[in-house]
Amino acid sequence: MGDGFWGAVCWMGAAPCPAGAGGSRRGQGWLWPGLCSPLCRDERCRVPHSSVSMGVLSCMKYLMFIFNVLVFAGGTCLAGVGVWVAVDPAGFQDIVAAKPVLSVGAYLLLAVGIALSLLGFLGCCGALRRSRPLLLVFFILVSLVFITQLIGAVLFLVHWKQIQPELFLSELRSNYRGDEGPEVFSTAWNTLMVTFSCCGVLGPEDFGNGSLFQELHTGMPWPQACCTRDGLLQAGELLGWEQCQERSPGYIHEQGCFSTFGRTLQKYISVPGTCSLAVLGIEIFAMFFAFCLYYNFD
């Protein structure tokens with residue numbers, strides 16, 4: 001058959017180039033400089049080295065390696081902190097209000113750290129060993145993370161204005177058990193109120209008649225987490241519990257957490273926004289490098 005036929009078959013990846021396909025560039029599997037199929041791995045049918053210079057390819061490989069070393073190191077550090085907090089949380093009790101919240105945070109750090117370490121390991125090995133399967137797995141995983149983050153950001157931007165305080169208020173009145181509540185819901189609310197110097201969802205009245213807190217603590221108008229403290233977080237001493245119960249100015253947090261948290265979020269929205277854009281940009285470059293290396297490695 002003609003040289004053009006074997007060149008077309010080779011380019012489509014249907015079969016390797018036969019030895020007698022002729023001496024022309026088309027007969028050797030070249031339809032055009034730089035357009036040989038990556039599926040064809042015969043000596044006569046290969047991606048020309050001129051399509052991506054060896055210097056650029058080497059630069060991308062080592063950039064990919066350095067990036068994934070940083071990812072692996074960061075993931076290992078997070079996993080280490082997670083193990084430390086889970087095994088010996090005593091040193092963190094002054095920072096986090098209660099142990100259940102501490103345990104959840106520890107295992108979350110551990111999971112994220114292991115995932116990042118695995119991702120960095122795949123990227124490093126794929127770049128150094130010139131392994132196409134590892135690069136493909138790395139590309140797929142980073143793509144899934146990227147798509148998940150993108151969907152989450154779009155959903156947040158679309159629905160964040162629809163969040164109403166009444167949703168949180170009903171949950172608070174039905175499930176909050178007080179300062180000594182052992183479950184995660186109560187300890188999380190205690191941490192939130194102490195950290196942001198707020199009280200309830202809309203204000204101290206949220207703990208009034210009809211709430212679970214009022215049923216469990218008859219005679220207490222609101223929890224001590226709503227009172228001003230002489231120090232940071234849960235470890236600080238109350239300035240005055242009696243004055244707080246009398247709602248004396250300066251001894252109780254009058255603002256609800258919904259408005260307080262909203263103002264804080266608006267004030268510092270540029271920080272998480274910038275970090276999110278930076279992470280998305282890094283993921284795009286990681287996918288681009290992985291794709292280029294996968295395409296050009298034999």
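None of the values given here were measured: they were computed from a predicted structure.

**A short note on the overall build of the protein chain**
Phase 1 of the analysis: A tally of helices and strands in the protein chain yields 10 helices and 2 strands.
Phase 2 of the analysis: Counting helices and strands in the order they occur from the N terminus, the protein chain gives α-α-α-α-α-α-α-β-β-α-α-α.
Phase 3 of the analysis: Burial analysis of the protein chain (298 residues in total) assigns 34% to the buried set.
Phase 4 of the analysis: Here the analysis covers contacts within the protein chain between residues at least 6 apart in sequence; of these, 63% occur between residues at least 24 apart.
Phase 5 of the analysis: Carbon and sulfur atoms form 69% of the exposed surface of the protein chain, whose accessible area is close to 17,400 Å².

**Description of the packing of aromatic side chains**
Phase 1 of the analysis: Considering all chains together, one arrives at 9 aromatic pairs under this definition.
Phase 2 of the analysis: When the centroid spacing of 6.1 Å and the interplanar angle of 45 degrees are considered together, the rings of F168 and F258 count as tilted. Taken as a pair, F168 in helix 5 (residues 165–175) and F258 in helix 9 (residues 257–267) lie far apart in primary sequence, 90 residues in all.
Phase 3 of the analysis: Since its relative accessible area comes to 31%, F258 is described here as partly exposed.
Phase 4 of the analysis: Summarising the aromatic geometry, the rings of F285 and F289 are spaced 6.4 Å apart at their centres and angled 50 degrees between planes, so their arrangement reads as tilted. Of this pair, F285 and F289 are both found in helix 10 (residues 270–296), 4 residues apart, which corresponds to roughly one turn of the helix.
Phase 5 of the analysis: What makes F285 exposed here is its relative accessible area of 55%.
Phase 6 of the analysis: Taken together, the ring pairs in this structure connect F139, F291 and Y295 into an aromatic cluster.
Phase 7 of the analysis: R132 extends its terminal NZ or CZ atom over the ring of Y294, reaching a point 4.0 Å from the ring centre.

**As for the state of the cysteines**
Phase 1 of the analysis: If you walk through the whole model with that rule in mind, you get 3 disulfides.
Phase 2 of the analysis: Sulfur-sulfur distance for the disulfide between C199 and C226 comes to 2.1 Å. Residues C199 and C226 are joined through a disulfide that is right-handed, its torsion about the S-S bond being 75 degrees. Residue C199 is located in the loop between helix 6 (184–195) and helix 7 (212–216), and its partner C226 is located in the loop between helix 7 and strand 1 (229–230); the two are separated by 27 residues in the primary sequence. Accessibility classification places C199 together with C226 in one group, the buried group.
Phase 3 of the analysis: Cysteine C124 is unpaired, with the sulfur of C125 as its nearest cysteine sulfur at 6.8 Å.

**Considerations on unusual backbone geometry**
Note: most residues except glycine have negative phi, and most peptide bonds are trans.
Phase 1 of the analysis: Residue R130 is not a glycine yet carries a positive backbone phi of 55 degrees.
Phase 2 of the analysis: Its location among the elements puts R130 in the loop between helix 3 (99–128) and helix 4 (132–159).

**Considerations on the pattern of salt bridges**
Phase 1 of the analysis: This structure, assessed with the given rule, holds 2 salt bridges.
Phase 2 of the analysis: Note that E254 is salt-bridged to R247, the shortest N-O span being 2.8 Å.
Phase 3 of the analysis: For R247, a relative accessible area of 30% gives the class partly exposed.
Phase 4 of the analysis: A network of salt bridges, in which partner residues are shared, links E205, R247 and E254.

**Describing the confidence of the model for the protein chain**
Phase 1 of the analysis: In the predicted model, the protein chain carries a mean pLDDT of 74, and the fraction of residues at 70 or more is 72%.
Phase 2 of the analysis: Of the regions scoring below 50 in pLDDT, residues 94–98 engages in 10 contacts with residues more than four places distant in sequence or in other chains.

**Observations concerning a nonpolar patch on the surface**
Phase 1 of the analysis: A cluster of nonpolar side chains, contributed by L136, V137, I140, L141 and L144, occupies part of the molecular surface with about 380 Å² of accessible area.
Phase 2 of the analysis: Of note, I140 is situated in helix 4.
Phase 3 of the analysis: Given a relative accessible area of 43%, I140 falls into the partly exposed group.

**Describing the environment of S197**
Phase 1 of the analysis: Structurally, the position occupied by S197 is in the loop between helix 6 and helix 7.
Phase 2 of the analysis: We classify S197 as partly exposed; its relative accessible area is 39%.
Phase 3 of the analysis: Between the alpha carbons of S197 and T260 there is a distance of 8.3 Å; along the sequence they are 63 residues apart.
Phase 4 of the analysis: Every residue in contact with S197, bar those within four places of it in the chain, is listed here: L192 and H253.

About the criteria used
Residues numbered from 1 in each chain as written. Predicted model: local features only at pLDDT ≥ 70, side-chain atom pairs only at ≥ 80, totals over all residues. Heavy atoms only, no water. Helix = DSSP H or I, 4+ residues; strand = E, 2+ residues; numbered from the N terminus. Buried < 20%, exposed > 50% of the residue type's maximum accessible area, 1.4 Å probe, protein only. Contact = heavy atoms within 4.5 Å. Areas by Shrake-Rupley, 256 points an atom, 1.4 Å probe, with all protein chains shown as cover. Phe/Tyr/Trp six-rings, centres within 6.5 Å; stacked < 30°, edge-to-face > 60°. Lys NZ or Arg CZ within 6 Å of the ring centre and 35° of its normal. Disulfide = S-S within 2.5 Å. Salt bridge = Lys/Arg side-chain N within 4 Å of Asp/Glu carboxyl O. pLDDT = per-residue confidence, 0-100. Patch = residues over 30% accessible without salt bridge, like charges linked within 9 Å, V, L, I, M, F, W, Y side chains within 5 Å.

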